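Commentary on secondary and tertiary structure
Chain by chain, the residues:
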Amino acid sequence: TNTQHQYRSESALGQNPLSCRTLSTRRELYERDFPVYKQPVEVGCFSLDSERRFFNDSRQMRYYVEPDRNPNFNLRDGYRDRFIKRDDSVKERLDHILRWIVANKSTINPTGAAASPRALDVDFVTWRGHLTKLLTTPYETREGWLLAVTRFRGTLYISEVETEAARRERENRTERHEEMMYWGYKFEHYTCADNTHSLPDPGGVVNTNEAFCTVVQTRLADHRLLFSGEVDCRDKDPKAPAAPACYVELKTSAEICTPKQRSNFHRFKLLKWWAQSFLPGVPRVVAGFRDQEGVVVSVETFHISKISHLIKNEYNCWKPTVCMNFCCDFLSFVKRVVTEDSHRVVYLFSWDPYKDVTYSAHRDSQYCFLPHCRVEDEDE
Ligand code: 0WD
Ligand code: CA
């Protein structure tokens, strides 16, 4: 189209090309060819138990048991009496990933980088969830973000900082909202078993401290990435393809009754679902559609590779290439900006809807998130 041509050659960097201190998030700037995104490879995993303790293994892995297409799962069951909620005022930052890295250095640096024996062979380390936020930024109109970045021995570590708005929202959630947050976890308990030969136990306790996380390595253009993401469950067939291809993401969503609701589902929800699972190479999402009372009335599988076709008929819809190109340009921007290599320095990247990305630098501040005693000390 015309618009596309008009913006092809325009730089994505700021309004003033000489300053290069900001990054635009306007969609038109990112409508280029899809960038190289290598098939993500699982390099490890870890588990967090019911008390949020770290284990360098897959003990929290769960197994998907395909439910009835019209199941009648009551997601409200157990909210009052069988629910242990993780304390989400505790900020874990990159701590679990750093622990995994320390325990698995040999896996990620098989030969040991020649120049610096303890340098990591990747450009970026972060949570998958932070990358999801970057992918959806050109289409986000409600929530901004703050990302803290530290360069340490050449590698850029990205850790989210809660915005004031997000903190206010977390502290002022309605009772209805609190309960609805439980519904997603409850759905997992109707569809996941603890081992390959057992069945789901919806009578058990839902404890949101428990997590199984995959660690994957991949490359986006010239950015080598190492990130971790929480995985709900895997295909229980032992002949299923290797991880991450055997993983299944579980979601709940309001049932779709009108064309307007279907359109909104395509335009907003499928964007988030696609971005989150595409990043680690999780091939499918199983969605439980629930009514107003929290009863799952239908279940549907979405294949990530088919989502871009599903949305093609929506007017002015999101595009995977815009998401990936924006993320790629943001990471390039970070590499250019974050020059001082020190665990004591944090560059804070800040974005609000309809604005450009800006940044500020902070030394020995509240934003420091690399416990320097960890990444460098444990093998010394
Ligand atoms: O420090 C932080 N700001 C964050 C830490 C933000 C997001 C996540 N985390 C940590 C937690 O340790 C969590 O175990 O990351 C882990 C999950 O990482 P992720 O996979 O990178 O996060 P994301 O893709 O946003 O969420 C995946 C799942 C969610 O499932 P749904 O279907 O709702 O997308 O992880 C859960 C949730 O079940 N989850 C969280 N669990 C604990 N703490 C959190 C959180 N803050 N956010 C999402
Ligand atoms: Ca989920």
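Everything discussed here concerns the structure shown above.
Residues numbered from 1 in each chain as written. Chains lettered and ligands numbered in written order. Predicted model: local features only at pLDDT ≥ 70, side-chain atom pairs only at ≥ 80, totals over all residues. Heavy atoms only, no water.

Focus on the side chain of S342
- Locating S342 in the fold gives a position in the loop between α9 (320-337) and β17 (345-351).
- Not counting the four nearest positions on each side in its chain, S342 is found in contact with T150 and R151. (Helix = DSSP H or I, 4+ residues; strand = E, 2+ residues; numbered from the N terminus. Contact = heavy atoms within 4.5 Å.)

Quick word on the site of ligand 1
- Taken together, 16 residues lie around ligand 1, and R52, R128, G129, E230 and K251 are the ones closest in.
- Interatomic distance of 2.9 Å between a side-chain N/O atom of Q276 and an oxygen atom of ligand 1.
- Taking 750 Å² as the accessible area of ligand 1 by itself, protein coverage stands at 75%.
- Classifying every residue of the shell around ligand 1 gives three nonpolar, four polar and nine charged. (Near = heavy atom within 4 Å. Polar contact = N/O pair within 3.5 Å; in protein donor to acceptor, adjacent residues only side chain to side chain. Areas by Shrake-Rupley, 256 points an atom, 1.4 Å probe, with all protein chains shown as cover. Nonpolar A, V, L, I, M, F, W, Y, C, P; charged D, E, K, R; others polar.)

Observations concerning the sheet that holds strand β9 (residues 192-193)
- Taken in spatial order, the seven strands line up as β4-β16-β15-β14-β13-β3-β9 in an open sheet, and their pairing is mixed. Of all the strands in the sheet, the pair left with one neighbour each is β4 (73-74) and β9.
- Judged from the two bridges that link them, β4 and strand β16 (residues 295-303) form a sheet pairing that is antiparallel. Among the inter-strand pairings, N74 is bridged to a residue of β16, identified as V295.
- Along the sheet, helix α6 (residues 175-191) contacts β3 (63-64), β4, β9, β14 (247-254), β15 (284-290) and β16; its crossing angle with β14, the most-contacted strand, is approximately 135°.
- Most of the contacts of helix α7 (residues 259-278) go to β14, to which it runs at about 160°, and overall it touches β14, β15 and β16. (Pairing = 2+ DSSP bridges. Axes fitted to C-alpha atoms, helices over the stretch in contact; angles between N-to-C directions.)

Quick look at the nonpolar core
- If you look at the biggest cluster of nonpolar residues, it comprises 52 residues, and the most contacted ones within it are W274, F302, W318, F330, F349 and V357.
- For this core, the element with the highest residue contribution is α9, accounting for eleven residues.
- F349 has contacts with W145, L146, L147, V149, F330, F333, V334, V337, V338, V357, T358 and Y359, leaving out every residue within four places of it along the chain.
- Formed by 28 residues, the second largest nonpolar core is a distinct cluster that contains I108, V125, Y157 and L348. (Core = buried A, V, L, I, M, F, W, Y, C linked by side-chain atoms within 4.5 Å. Buried < 20%, exposed > 50% of the residue type's maximum accessible area, 1.4 Å probe, protein only.)

What to know about the pattern of salt bridges
- Enumeration according to the criterion identifies 31 salt bridges in this entry.
- The partner of D49 in a salt bridge is R53, and the shortest N-O contact between them spans 2.8 Å.
- The residue E162 makes a salt bridge to R170 at a minimum N-O spacing of 2.7 Å.
- Residue R170 is classed as buried on the basis of its relative accessible area of 15%.
- What emerges from the salt-bridge pattern is a single network uniting D77, D81, R82 and K186. (Salt bridge = Lys/Arg side-chain N within 4 Å of Asp/Glu carboxyl O.)

Focus: the packing of helix α4 (residues 128-136) against α7
- Relative orientation of the contacting elements α4 and α7 amounts to 135°, with a least axis distance of 9 Å. The angle between α4 and α7 places the two elements in the oblique class. For the element pair α4 and α7, the recorded crossing hand is right-handed. Within the contact between the two elements, α4 uses R128, T132, L135 and T136 and α7 uses L271, K272, W274, A275 and Q276.
- Partitioned by chemical class, the residues of the contact of α4 with α7 number four nonpolar, three polar and two charged. (Parallel < 35°, antiparallel > 145°, perpendicular 65-115°, else oblique. Left-handed = near helix turned anticlockwise from the far one by under 90°.)

Quick notes on the sheet that holds strand β8 (residues 155-161)
- With mixed pairing, nine strands are arranged side by side in an open sheet as β2-β1-β11-β12-β6-β8-β7-β17-β18. Only two strands of the sheet have a single partner each, and these edge strands are β2 (54-55) and β18 (358-363).
- In terms of strand pairing, strand β6 (residues 124-127) meets β8 through two bridges, oriented parallel. Bridge pairing in β8 links F124 to L156.
- Relative to strand β1 (residues 41-48), helix α2 (residues 95-103) is tilted by about 120°, and along the sheet it contacts β1, β2, β6, β8, β11 (211-220) and β12 (223-230).

Things to note about the coordination of the calcium ion (ligand 2)
- Protein coordination at the calcium ion (ligand 2) comes from D232 (OD), E249 (OE) and L250 (O), with a distance range of 2.3 to 2.5 Å.
- Counting gaps between the donor residues of the calcium ion (ligand 2) yields the pattern D-x16-E-L. Placement of the pair is D232 in the loop between β12 and β13 (233-235) and E249 in strand β14, with a sequence separation of 17 residues. For the pair D232 and E249, a shared accessibility class is recorded, and that class is buried. (Donors = N, O, S within 2.8 Å, 3.2 Å for Na, K, Ca; no water.)

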